[in-house]
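Understanding the architecture of this molecule
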Amino acid sequence: RARSPMVTGTSVLGLRFSGGVLLAADTVGSYGSLARFRGISRLLKVNDSTVLGASGDLADFQHLRQLLEQMVIDEELLGDGHSYSPRALHSWLTRVLYNRRSKINPLWNTVLIAGVYGGESFLGYVDMLGVAYEAPSLATGFGAYLAQPLLRAELERDRDRDRLPTREEARELLERCLRVLYYRDARSFNRYEVATVTEKGVELEGPLTLEANWDIAHLV
Amino acid sequence: TTIMAVEFDGGVVIGADSRTTTGAYIANRVTDKLTPVHDRIFCCRSGSAADTQAVADAVAYQLAFHSVELEEPPRVRTAARLFQQSCYRYREELSAGIIPPQPPCAPQVYVVPMGGLLLRQPFAVGGSGSSYIYGFLDATFQPGMSRSQCQEFVARALALAMVRDGSSGGVIRLAAITEEGVE
C-alpha cells in the first residue's frame, strides 16, 4: 500500500484543435533510469469517441486497461446504442483514482482523456491523487514543465484570432514538444505514437520516430 | 541472477545462471532457475528465491487444474497471465521477475518484471546480471535466428553477464523447448 512505481511511462501530451483532439506519448517503459521496454503503447483507444493516455506505473495502467475494456464490453452488451462519453469516462476515472488514494493504495498513474462527443471536443486530466481538470492543452510529467508553455503560447496566439489550431498545426506543435522533451527529459525516447480523435472516430498512428537536431553541438 | 529467453521459429531457448546468494555468500552454486510449470511451459525466476518458488508452485498447480478442466494443454498466455496476476496483486510483498517462455502451438516469450506488468517480447532478459548485457543484446540480437543461433546467443549473453555480475555465476543451464519436447 502506497508503494513506488516500477516500470513507468513519462509525459503524455494533449491538445485540442478545430475538429477534435490529439494525444501523443512516447513508447518507452522505464525501469528507473533504464529504458527497459522500448515498444510499449501508452495510448489506449477506449471506444470510438475516446482515447486515454497514461504515464506513471505501467502495471497499474494495464490494470486500468482491463477495467476499461471490460466496462466497454459490458456497455456494448446492453445494446442500447449508447457508449461512454469522454466526459463520463473522465468522471469515472476520477472517482476510481480518488478512492484508491483515499485507501492509501493509489494507482500510480497520471492520465489524459481525449475525445469528441456530440460535436464537442474534450480533453481532461486525472492523476493518482484524484485531482482532475479540463483544459484546451494538457501535459503530464515533464511535459507539464516543458511542453505546456509551448502549447499554451500557441493557443494564446490562436485565441487572439478567435480560433483553435488546425489539425496540421496541432500535429506539428505536438511533434515539436515531443522533440523538446526528447532533448531534455532523461526518461524519454524518440519513438512515439499519436492518437487523433475527430467526429469520424479514433486514429492511432505509430510507432513513429523523432529526428533530433544536434547541430548546436558544433557551436561548443 | 541472469535469466534469458529467446523465441525462434519452432520453439524457445531459455537459459539461466546457477548462483543463489545470501548477501555475499553463495548459498547454492548449482541452482536450477528454469522451472517447469507445465509440460512445455517453463519459467525463469529472478528475485527472491522464496517468492518466485512460491509463485511458480502456485501457478503450476493452477495450470494443472486448468488443463484438466480444459482437456488440453494450457495456453502460453494463460500461464503468463497467471504469473502476472500473482505478481501484480502481491507486488508489495513480492520481489519477483519472471520470464515464462513456452511453445505449444506457437513459441512465445513473456516477461513479468517487478510491479506485475505483462509483456510479450521476441526475447527477454531479467535478473541483476541483465543490466550488464543490454548493450550486447541490442547490438547482437536479430529476429529470425535459428535454434542453434539462439542457443549460442543466449550462452554468450549469459556468460558475459556472469563474469561481470557478482550475483550471477556458476554454470549456464540452457534448454530448448519445442513441439517435440524439452531438451
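To be clear, the structure that these remarks concern was listed above.
Residues numbered from 1 in each chain as written. Chains lettered and ligands numbered in written order. Predicted model: local features only at pLDDT ≥ 70, side-chain atom pairs only at ≥ 80, totals over all residues. Heavy atoms only, no water.

With that settled, the discussion passes to the overall build of chain B. For chain B, the count of helices and strands is four helices and 12 strands. Taken over the C-alpha trace, chain B has a radius of gyration of 15 Å; the compact-globule value for 183 residues is 16 Å, and the two agree within 12%. When the backbone C-alpha atoms are referred to their principal axes, chain B occupies close to 45 × 40 × 25 Å. For chain B, with 183 residues in total, the buried portion stands at 52%. Look at the contacts in chain B between residues 6 or more apart in sequence, and 61% of them connect residues 24 or more apart. If you sum the accessible surface of chain B, you get close to 8500 Å²; carbon and sulfur atoms cover 50% of it. In chain B, 15 side chains carry a positive charge and 18 a negative one; their mean positions are 6 Å apart. (Helix = DSSP H or I, 4+ residues; strand = E, 2+ residues; numbered from the N terminus. Rg over C-alpha atoms; globule rule 2.2 N^0.38 Å. Buried < 20%, exposed > 50% of the residue type's maximum accessible area, 1.4 Å probe, protein only. Contact = heavy atoms within 4.5 Å. Areas by Shrake-Rupley, 256 points an atom, 1.4 Å probe, with all protein chains shown as cover. Lys, Arg positive; Asp, Glu negative; His and termini not counted. Charge placed at Lys NZ, Arg CZ, Asp CG, Glu CD.)

Counting its regular elements, chain A contains four helices and 13 strands. For a compact globule of 220 residues, the expected C-alpha radius of gyration is about 17 Å, and chain A comes in at 17 Å, within 12% of that figure. Projecting the C-alpha coordinates of chain A onto the three principal axes gives extents of approximately 60 × 45 × 30 Å. Among the 220 residues that make up chain A, the fraction classed as buried is 50%. Taking the intrachain contacts of chain A between residues at least 6 apart in sequence as the baseline, contacts between residues at least 24 apart amount to 64%. Taking the 26 positively charged and 28 negatively charged side chains of chain A as two groups, their mean positions are separated by 7 Å.

Taken together, the side chains of Leu129(A), Val131(A) and Tyr133(A) define a hydrophobic patch exposed on the protein surface, amounting to about 260 Å² of accessible area. Locating Tyr133(A) in the fold gives a position in strand β10 (residues 132–134). (Patch = residues over 30% accessible without salt bridge, like charges linked within 9 Å, V, L, I, M, F, W, Y side chains within 5 Å. Salt bridge = Lys/Arg side-chain N within 4 Å of Asp/Glu carboxyl O.)

Residues and elements named next belong to chain B. Ordered by their spatial adjacency, four strands build an open sheet running β11-β1-β2-β12, and the pairing between neighbours is antiparallel. Looking at the sheet topology across the chains shown, the edges are occupied by β11 (123–126) and β12 (173–178). Adjacent strand axes in the sheet meet at a mean angle of 10°, parallel and antiparallel pairs treated alike. Relative to strand β2 (residues 11–16), strand β1 (residues 3–8) is paired through six bridges, and the arrangement is antiparallel. The partner of Glu7 across the bridge, within β2, is Val12. Along the sheet, helix α4 (residues 147–164) contacts β1, β2 and β12; its crossing angle with β1, the most-contacted strand, is approximately 165°. (Pairing = 2+ DSSP bridges. Axes fitted to C-alpha atoms, helices over the stretch in contact; angles between N-to-C directions.)

Here Gln62(A) is to be found in helix α1 (residues 58–78). Among the residues examined, Gln62(A) registers a relative accessible area of 16% and is labelled buried.

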